[in-house]
Structure formats: C-alpha cells, structure tokens
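Read off the chains here:
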Amino acid sequence: MSNEFDRKIWLNGNIISVCDAKINVLSPTCQFGANVFEGIRCYWNDNHKQLYAFKLKEHYKRLRNSIKMMRFEEKYTVNQMEEGLIEIVKANDYKEDIAVRQTVYLDGFGSWNSFGPIGMCINPIPKKRSYDEGKKGIHCCISSWERINDASLSPRIKVGANYINSRLAQLEAMRNGYDSSILLNNYGKVSEAPGSCIFIVRDRQLITPPITASILESITRATIIEIAEKEFNLKVSEREVERTELYIADEIFLCGTAMEIVSVLSVDKLEINQGNPGITTTKLRNKYFEIVRGTNRRYINWLTPIY
C-alpha cells in the first residue's frame, strides 16, 4: 500500500476502501462512544512467509464479554469475526507487522441506552513498535487523574468511552515533558498506564497489580505471567503495589497489545536501574517476540496463520 488511505477495511460484511467507510454521525457510537473493540497484533515471519495473528481466541472471548456487559445485541459469531479478520488482511495483502482494530458499535438513530442496531468494522493497518527500536525505554510520571473503577465505569469492559480516562492521563504526562503516565486507583494503589499494564521487579520477583486494582483483564499481561513462570522459573506475585514501590523498583516495564513490552526508565524523574532496561525485562521481551513471530514452536497454538 502506498499510504494509509489506499487500504481496505471490512465494514458490516463488505470489503470497501477506507475512504468510503461511513458511519452515521448521529449514532450512539459517534455521540457517546458506545462501542467495544479489540486491538489484535499480527506478526510477519519472513522465514515462514507467514503472518501470524496472536491469541485470537482470547481476544474474541474478551470482545464477547464486552458485548455482553454493554448489553449489545449479539449479531456476529466468533467464526464470523475471525473470517472477517482473515478476509480483510488478505484483501490488503499485508506481508509485514500489522495491528487490526476490530470494533463492534451501536449504530442507527438511538441513544446511549439503545441495544441495537449493531455494526462491526475490522480495520488492519501496518504497525511497527510503539517506540522506536533505538529508544531504550520511556519516562513516566504518576498521573493526577484517578483510574476508573468497577463501581463507576468498569475497566473490565473494553469500551471506547473508557479510553478518555487514559487520554487525560496521557496528555497530562506529555504536556509535562514525560512519555507516559501511571494511574493510581481509588484506593491510592498502582493501577495501570494509559492503554497498558505495569510490572515491576523487586529482589528477583516479578510483581503486578491484581485484576481487582482497576485494570483491564490484559491478554498480554496474562501471557507475560505464563512466560515468566514457564520459561524463566520466575516467581510472579499479583498484589497491590504502592506508589513509592515504583521509585525503588529494580525494573519496571509496561505491556499491552499496542505497547508490547517497553521499559520504564524513570518515574517522577527518579531513575530506575540507572536509566537502563533491566535484565528480566529484556529476557521477557526477547522471548515474547520469539513467540509472537512463530519462531518458538512451543507456543505455536497461540498463533493463527493468515495465509
């Protein structure tokens, strides 16, 4: 593709040019952010001449859970979603790393309390690393914004409107000269970063806030826990994390489908590991990319070949 405007997308069962994709501006998805979505990464393996989609089953399960909790009409089956993704990626003939946004949205002329009609868009686009390969890591601050919680706007639902919370935190961080931020929950404990979960390393132990800390039930987070235990025999503790623990951590990294695995080099201008990526982070990151690219056959069942 010559540029991002030449590509095709899948909209309600039809493959069309991205420039021809139209959604009603008065629909609840436009007016209220009434949509649920999944970001799915696909990785190109040049030796295999194959593009692998990572953990489709887990992503579709989470998408179905979001649809259920938003009480949307269930219009599309998991098979239809998977077929649509494969169809549109092939239509674009991508032979490189891509990201695929799969969105189920509330269309029509209803309001924020409507149940339908439901539409779906599958939008693939070439996607490299979130941060340049030459960048060692990122610098974060503790956000003044509180993370949304299950009693108000559940982070368990991957709904578009939830990401305004992340937007506010991210823009605040960038405005103040940081790359990103870390949000605390309503109990003052570490929650997550905008669009990504957090791990710290202390005394050779991998620590991450629990699901109940107002975090998304992250597929990448669960993957890293499994890799850490199986591949490196690391003890992983899912527990509450205090803000000040970040300042004295041996290592910190963020993770997510878009973020993948990125080292945090400082928090509130306090350096972590002398401002360098840590050994544990680097090992996990290298192993993660082996797995998602299909070079580690032990985890090949986590991948869906596109071609």
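Scoring rules and cut-offs
Residues numbered from 1 in each chain as written. Predicted model: local features only at pLDDT ≥ 70, side-chain atom pairs only at ≥ 80, totals over all residues. Heavy atoms only, no water. Helix = DSSP H or I, 4+ residues; strand = E, 2+ residues; numbered from the N terminus. Buried < 20%, exposed > 50% of the residue type's maximum accessible area, 1.4 Å probe, protein only. 1 Å grid on protein atoms, 1.4 Å probe; cavity = no way out; pocket = protein on both sides within 12 Å on 5 of 7 lines; lining within 4 Å. Points joined across faces, edges and corners; volume = space filled by probe spheres on them. Nonpolar A, V, L, I, M, F, W, Y, C, P; charged D, E, K, R; others polar. Phe/Tyr/Trp six-rings, centres within 6.5 Å; stacked < 30°, edge-to-face > 60°. Axes fitted to C-alpha atoms, helices over the stretch in contact; angles between N-to-C directions. Parallel < 35°, antiparallel > 145°, perpendicular 65-115°, else oblique. Left-handed = near helix turned anticlockwise from the far one by under 90°. Contact = heavy atoms within 4.5 Å.

Undergrad: When you look at unusual backbone geometry in this model, what are you seeing that I'm missing?
TA: Generally, phi is negative for residues other than glycine and the peptide bonds are trans, each holding for most cases. Cis peptide bonds are those with omega within 30 degrees of zero, and the linkage from glycine 116 to proline 117 qualifies with 0°. Along the chain, proline 117 falls in the loop between β5 (98-106) and β6 (118-126). Positive phi is not limited to glycine here, since aspartate 203 has a value of about 50°. Tracing the backbone through its elements, the reader meets aspartate 203 in the loop between β9 (197-202) and β10 (205-208). Overall, aspartate 203 belongs to the exposed group, its relative accessible area being 63%.

Undergrad: I tried to follow the layout of surface pockets on my own but got confused; where do I start?
TA: Any empty space left between atoms is shown by rolling a water-sized probe over those atoms. Computed from the structure, the largest pocket encloses a volume of approximately 930 Å³. Around the largest pocket, the lining comprises 34 residues; the ones closest to its centre are Arg101, Tyr163, Pro194, Gly195 and Ala258. Among the elements of the structure, β3 (35-45), β5, β6, α4 (163-175), α5 (219-232) and β12 (251-256) are those that each provide at least two residues to the lining of the largest pocket. Across the lining of the largest pocket, the residue classes tally to 14 nonpolar, twelve polar and eight charged.

Undergrad: Help me understand the packing of aromatic side chains, please; the structure alone is not making it clear to me.
TA: Any pair of aromatic rings gets described here by the distance separating the centres and the angle formed by the planes. Counting across every chain of the model gives eight aromatic pairs. A ring pair is formed by tyrosine 43 and phenylalanine 289, whose centres lie 6.3 Å apart and whose planes are at 80°; its orientation type is edge-to-face. With tyrosine 43 in strand β3 and phenylalanine 289 in helix α7 (residues 279-292), the pair connects residues that are 246 residues apart, well separated along the chain. Residue classification places tyrosine 43 among the buried residues on the basis of a relative accessible area of 0%. Aromatic pair tyrosine 288 and phenylalanine 289: ring centres 5.7 Å apart, planes at 80°, arrangement edge-to-face.

Undergrad: Explanation requested: the packing of helix α2 (residues 56-69) against helix α3 (residues 78-92) in the structure shown.
TA: Relative orientation and spacing of two packed helices are given, respectively, by the angle between their axes and the distance between those axes. Packing of α2 against α3 leaves a shortest axis separation of 11 Å and a crossing angle of 125°. By the criterion of interaxial angle, the relationship of α2 to α3 is oblique. Read as a crossing pair, α2 and α3 show a hand that is right-handed. Along the contact surface, α2 presents Leu56, Tyr60, Leu63, Arg64 and Ile67, while α3 presents Val78, Met81, Glu82 and Leu85. Looking at side-chain class alone, the contact of α2 with α3 contains seven nonpolar, no polar and two charged residues.

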